[in-house]
Amino acid sequence: MLKKLNQIINIVIGSFVGVFIGHGIYAFWDYRTHCDLYAMQSAPWYTSVFVYGIVMLIFVAVAVIAKLIIRKNIKKEK
């Protein structure tokens, strides 16, 4: 049971990292194609990438802590 939970957490971590990379690529592409729209904003174009990065780091940190707890419990079972 704990090994399946560990695999699910690996998938969640990979998903968060994938969404972050995808959003970063899309934000860069959107900036390159619509420069005028971003020139009107007071914040730089990469602000949303930073926000996604911070949220991703928080979720990944929580997932890594959960993985460490699961690893500790797996070792206790053996």
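**Points about the nonpolar core**
Working step 1: Counting seven residues, the largest nonpolar core is built from Ile9, Ile13, Met56, Val60, Ala63, Ile70 and Ile74.
Working step 2: Elements with a minimum of two residues in this core: α1 (2-33) and α3 (47-77).
Working step 3: It is α3 that contributes the most residues to this core, five residues altogether.
Working step 4: Not counting chain neighbours up to four residues away, the residues in contact with Ala63 comprise Ile9 and Ile13.

**What about the side chain of His23?**
Working step 1: Looking at the element boundaries, His23 is found in helix α1.
Working step 2: In contact with His23, other than residues within four places in its own chain, are Ser48, Val49 and Tyr52.

**What to know about the packing of aromatic side chains**
Working step 1: Tallied over the full model, the rule gives seven aromatic pairs.
Working step 2: Ring plane angle 40 degrees and centroid distance 5.7 Å describe the contact between Tyr26 and Trp29, whose orientation is recorded as tilted. Taken together, the positions of Tyr26 and Trp29, both in helix α1 and three residues apart, correspond to about one turn of that helix.
Working step 3: A relative accessible area of 48% places Tyr26 in the partly exposed class.
Working step 4: Looking at Trp29, the relative accessible area reads 46%, which means it is partly exposed.
Working step 5: Relative to Tyr38, the ring of Tyr31 lies with its centre 5.8 Å away and its plane at 70 degrees, an arrangement referred to as edge-to-face.
Working step 6: For Tyr31, a relative accessible area of 25% corresponds to the partly exposed category.
Working step 7: Through a chain of ring-to-ring contacts, the aromatic side chains of Phe28, Tyr31, Tyr38, Trp45, Tyr46 and Phe50 assemble into a single cluster.

The rules behind each value
Residues numbered from 1 in each chain as written. Predicted model: local features only at pLDDT ≥ 70, side-chain atom pairs only at ≥ 80, totals over all residues. Heavy atoms only, no water. Core = buried A, V, L, I, M, F, W, Y, C linked by side-chain atoms within 4.5 Å. Buried < 20%, exposed > 50% of the residue type's maximum accessible area, 1.4 Å probe, protein only. Helix = DSSP H or I, 4+ residues; strand = E, 2+ residues; numbered from the N terminus. Contact = heavy atoms within 4.5 Å. Phe/Tyr/Trp six-rings, centres within 6.5 Å; stacked < 30°, edge-to-face > 60°.

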